[in-house]
Amino acid sequence: MAGFGWKLHGDGKHLQPGEVVRPGERLSWGRTIGLGAQHVVSMIGACFVAPVLMGLDPGLALMASGVATVLFLVMTRGRIPSYLGSSLSFVGVSAVIAGQGGDAGTLTGAMFVVGACLAGCGVAIHVLGARVIHAVLPPTVTGAVVMLIGFNLAPVTASAYWPQDQWTALATMLFTGLALVVLRGFWSRIAIFLGLVFGYALSWVLDRTAGKIHSVDGSGKLTDHWRIDFSGVADADWLGVPTFHAPNFSASAILVALPVLVALVAENAGHVKAVGEMTGDPLDDKMGMAIVADGTATMLSTAVGGPATTTYAENIGVMAATRVYSTAAYTAAAAFAVLFGLCPKFGAVVAAIPGGVLGGITVILYGMIGLLGAQIWVRNKVDFTVPLNLIPAAAGIVIAIGGVTLKFTEHFELSGIALGTLVVLTGYHSLRWLSRATAAPRQGSLLDGGTTDYDGSAGTSD
């Protein structure tokens with residue numbers, strides 16, 4: 001199997017400019033381990049930010065990401081070099097579930113079900129072919145769902161994180177934005193991580209120069225408190241096993257989480273295509289299996305209390321910069337992640353990140369998630385003068401961001417992300433079918449400029 005029978009590339013030490021190391025090849029073990037460490041640095045920011053924001057154990061998340069990556073490489077037979085880290089797509093879902101009274105078990109139970117559905121989608125795609133993705137999830141729908149998931153998170157930052165230390169939040173936001181814009185190459189890939197380090201250090205300095213801050217704490221109580229609480233770090237062991245917990249299942253929580261399935265399928269498909277283009281190996285025949293692998297990894301992680309997993313663009317960026325696509329480097333990265341997960345003190349340091357720092361980071365991070373939806377529209381030239389594109393997306397996004405609720409019975413209702421996604425998905429396909437069935441005539445544009453056609457070629461992405 002290519003993933004575990006690596007051939008030494010040349011002498012394993014020297015690469016010519018532009019030279020490529022294939023997935024089934026490796027450099028010397030020293031260089032391979034170094035590349036693995038670089039992959040860890042590039043992914044670790046997002047990988048531990050996600051569980052912190054969802055109230056899960058970051059140490060367990062890191063360990064689960066390492067195991068998930070190895071599982072992914074085995075299931076795709078080493079053809080798709082990718083790292084599976086903690087998915088940020090469920091951050092908004094976690095806030096909604098917590099607002100409904102759910103706990104960590106309720107969240108992981110909902111993510112487990114989404115993982116099972118994702119694996120099922122992968123099986124269908126493997127059998128029917130990659131084209132089924134574009135038929136069910138055209139860019140209009142995918143972009144809208146990704147956008148509403150990101151922007152639905154805005155109230156979390158505004159009410160939970162930012163008020164804890166507004167000035168540190170502002171400084172962290174500005175530093176992170178500057179790092180994203182100014183830094184180049186590898187450093188730009190870890191700008192979010194650098195922003196966290198900056199905010200952490202600033203909070204430490206302010207604690208020692210300005211004293212306690214009078215603001216709400218993590219529980220929402222107005223009090224005088226230190227920005228950083230290191231008591232948990234002092235009590236944590238250097239070596240230990242993360243805290244595991246079993247998932248529990250709630251129908252309402254599952255309904256809230258299921259819309260993320262749309263984003264995960266689209267995200268996986270996009271990453272597989274990107275890797276295929278980079279390596280020169282068309283991977284459409286492996287797209288279904290890659291999605292099955294991600295779904296299976298998510299089920300494995302959430303079954304023991306970890307977060308859902310997804311392929312990481314950060315690591316794809318590292319490959320683009322180095323042109324080293326060796327799956328041996330990803331295996332080394334997975335080993336590092338497991339070792340970090342066995343250090344509770346590291347997890348305690350992560351858990352002590354001040355709320356103000358998270359406020360500054362999430363302003364940018366949540367906005368970036370939302371604007372990825374707009375990027376999908378732009379890249380696929382979605383035309384919003386076409387009512388078929390405009391109406392479902394507009395309605396779904398406003399419903400999700402505004403937290404609109406549709407109550408069916410005393411104990412069942414849909415709101416926010418779930419209702420918004422349902423409106424976009426069913427609205428698009430229903431309107432498309434109706435426009436064809438009724439042979440709807442052309443009509444004036446609903447927006448300035450352009451032409452209008454319910455089923456025109458621009459933006460419907462059949």
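Above this text sits the structure in question.
Residues numbered from 1 in each chain as written. Predicted model: local features only at pLDDT ≥ 70, side-chain atom pairs only at ≥ 80, totals over all residues. Heavy atoms only, no water.

A.B. asks: Let's hear about the overall build of the chain: which residues, and what values?
C.D. replies: Scanning the chain from terminus to terminus reveals 21 helices and eight strands. With 462 residues in all, the chain has 51% of them scored as buried. Restricting the contact set of the chain to residue pairs at least 6 apart, pairs at least 24 apart contribute 77%. Entry remark: accessible area of the chain is about 19,600 Å², with carbon and sulfur atoms responsible for 66%. (Helix = DSSP H or I, 4+ residues; strand = E, 2+ residues; numbered from the N terminus. Buried < 20%, exposed > 50% of the residue type's maximum accessible area, 1.4 Å probe, protein only. Contact = heavy atoms within 4.5 Å. Areas by Shrake-Rupley, 256 points an atom, 1.4 Å probe, with all protein chains shown as cover.)

A.B. asks: An account of the packing of aromatic side chains is needed here, citing residue identities and associated values.
C.D. replies: Counted by the stated rule, this structure contains four aromatic pairs. Seen from their ring centres, Phe112 and Phe249 are 6.0 Å apart, and the 70° between their planes marks the pair as edge-to-face. One end of the pair, Phe112, is in helix α4 (residues 104–128); the other, Phe249, is in the loop between α11 (231–235) and α12 (251–257), and 137 residues separate them in sequence. Looking at Phe112, the relative accessible area reads 22%, which means it is partly exposed. (Phe/Tyr/Trp six-rings, centres within 6.5 Å; stacked < 30°, edge-to-face > 60°.)

A.B. asks: Can you tell me about the packing of helix α2 (residues 58–75) against helix α14 (residues 284–303), naming the residues and giving the values?
C.D. replies: The interhelical angle for the contact between α2 and α14, taken along N-to-C directions, is 150°, at an axis separation of 9 Å. As the angle between them shows, α2 and α14 are arranged roughly antiparallel. Helix-helix and strand crossings are classified by hand; for α2 and α14 the assignment is right-handed. For the pair formed by α2 and α14, the contact residues are Ala64, Val67, Ala68, Leu71, Phe72 and Met75 on the first element and Met289, Ala290, Val292, Ala293, Asp294, Thr296, Ala297, Leu300 and Ser301 on the second. Here the residues of the contact of α2 with α14 sort into 12 nonpolar, two polar and one charged. (Axes fitted to C-alpha atoms, helices over the stretch in contact; angles between N-to-C directions. Parallel < 35°, antiparallel > 145°, perpendicular 65-115°, else oblique. Left-handed = near helix turned anticlockwise from the far one by under 90°. Nonpolar A, V, L, I, M, F, W, Y, C, P; charged D, E, K, R; others polar.)

A.B. asks: Tell me about the nonpolar core, and name the residues and values.
C.D. replies: Taken as a class, soluble globular proteins show a tendency for nonpolar side chains to be buried jointly. Core analysis: the biggest nonpolar cluster contains 91 residues, and Met43, Met54, Phe90, Val93, Leu196, Val265 and Trp377 have the highest contact counts within it. If you look at the next biggest cluster of nonpolar residues, it comprises five residues, including Val21, Leu27, Leu35 and Val324. (Core = buried A, V, L, I, M, F, W, Y, C linked by side-chain atoms within 4.5 Å.)

A.B. asks: Can you lay out the side chain of Glu25 for me, pointing to particular residues and giving the numbers?
C.D. replies: Mapped onto the secondary structure, Glu25 falls in strand β2 (residues 25–26). Polar contacts involving the side chain of Glu25 include one to the main-chain amide nitrogen of Arg22, which spans 2.9 Å. Residues contacting Glu25, with those up to four places away along its chain left out, are Trp6, Lys7, His9, Val20 and Ser326. (Polar contact = N/O pair within 3.5 Å; in protein donor to acceptor, adjacent residues only side chain to side chain.)

A.B. asks: Quick one: what's the story with the pattern of salt bridges, residue by residue and with numbers?
C.D. replies: Opposite charge on two side chains makes pairing possible when the charged atoms of those side chains draw close. This structure, assessed with the given rule, holds three salt bridges. Between Asp165 and Arg227 there is a salt bridge, and its shortest N-O distance comes to 3.1 Å. Pair noted here: Asp165 is in the loop between α7 (154–161) and α8 (166–182) and Arg227 is in the loop between β5 (222–225) and α11, with a separation of 62 residues, a long-range link. When its relative accessible area of 7% is taken as the criterion, Asp165 is described as buried. Look at Arg227 and you get buried, because its relative accessible area is 13%. What emerges from the salt-bridge pattern is a single network uniting Asp165, Asp207 and Arg227. (Salt bridge = Lys/Arg side-chain N within 4 Å of Asp/Glu carboxyl O.)

A.B. asks: Tell me about the side chain of Asp294, and name the residues and values.
C.D. replies: Inspection of the secondary structure puts Asp294 in helix α14. At 3.0 Å, the side chain of Asp294 forms a polar contact with the side chain of Thr309. Every residue in contact with Asp294, bar those within four places of it in the chain, is listed here: Phe72, Leu84, Leu118, Asn268, Thr309, Thr310 and Thr311.

A.B. asks: Can you lay out unusual backbone geometry for me, pointing to particular residues and giving the numbers?
C.D. replies: Within the chain, Arg77 stands out as a residue other than glycine whose phi angle is a positive 55°. On the secondary structure map, Arg77 appears in the loop between α2 and β3 (84–86). Among the residues examined, Arg77 registers a relative accessible area of 48% and is labelled partly exposed. Even without being a glycine, Lys381 presents a positive backbone phi close to 55°. Position of Lys381 relative to the elements: it lies in the loop between α18 (355–379) and α19 (387–402). Since its relative accessible area comes to 68%, Lys381 is described here as exposed.

A.B. asks: Run through a nonpolar patch on the surface, naming residues and quoting values.
C.D. replies: Together, Leu178, Leu180, Val181, Val182 and Met368 make up an exposed nonpolar region whose accessible area comes to about 440 Å². As for its placement among the helices and strands, Leu180 is situated in helix α8. (Patch = residues over 30% accessible without salt bridge, like charges linked within 9 Å, V, L, I, M, F, W, Y side chains within 5 Å.)

A.B. asks: So what about helix α10 (residues 191–209)? Which residues, and what values?
C.D. replies: Spanning 19 residues, α10 covers 27 Å between terminal C-alpha atoms, matching the ideal 27 Å at 1.5 Å per step. Buried residues of α10: Ala191, Ile192, Gly195, Leu196, Gly199, Tyr200, Ser203 and Asp207, and no others. Backbone geometry just downstream of α10 places Gly211 in the positive-phi region, at approximately 80°. (Expected span 1.5 Å × (residues − 1).)

A.B. asks: Could you give me a rundown of the packing of α4 against α14, with the residues and numbers involved?
C.D. replies: Where α4 meets α14, the axes come as close as 7 Å, and the angle between the chain directions of the two elements is 160°. Classified by the angle between their axes, α4 and α14 sit roughly antiparallel to one another. Note that α4 runs across α14; the crossing there is left-handed. Taking contact as the criterion, the partners of Thr108, Met111, Phe112, Gly115, Ala116, Leu118, Ala119, Gly122, Val123, Ile125 and His126 in α4 are, on α14, Asp285, Gly288, Met289, Ile291, Val292, Asp294, Gly295, Thr296, Thr298, Met299, Thr302 and Ala303. Its residues placed into classes, the contact of α4 with α14 shows 12 nonpolar, nine polar and two charged.

A.B. asks: Tell me about the environment of Ala303, and please be specific about residues and values.
C.D. replies: One can find Ala303 in helix α14. The exposure class assigned to Ala303 is partly exposed, which follows from its relative accessible area of 35%. Ala303 sits 194 residues away from Gly109 along the chain, and the two C-alpha atoms are 7.7 Å apart. Contact partners of Ala303, with chain neighbours within four places excluded, come to Phe112, His245, Ala246 and Pro247.

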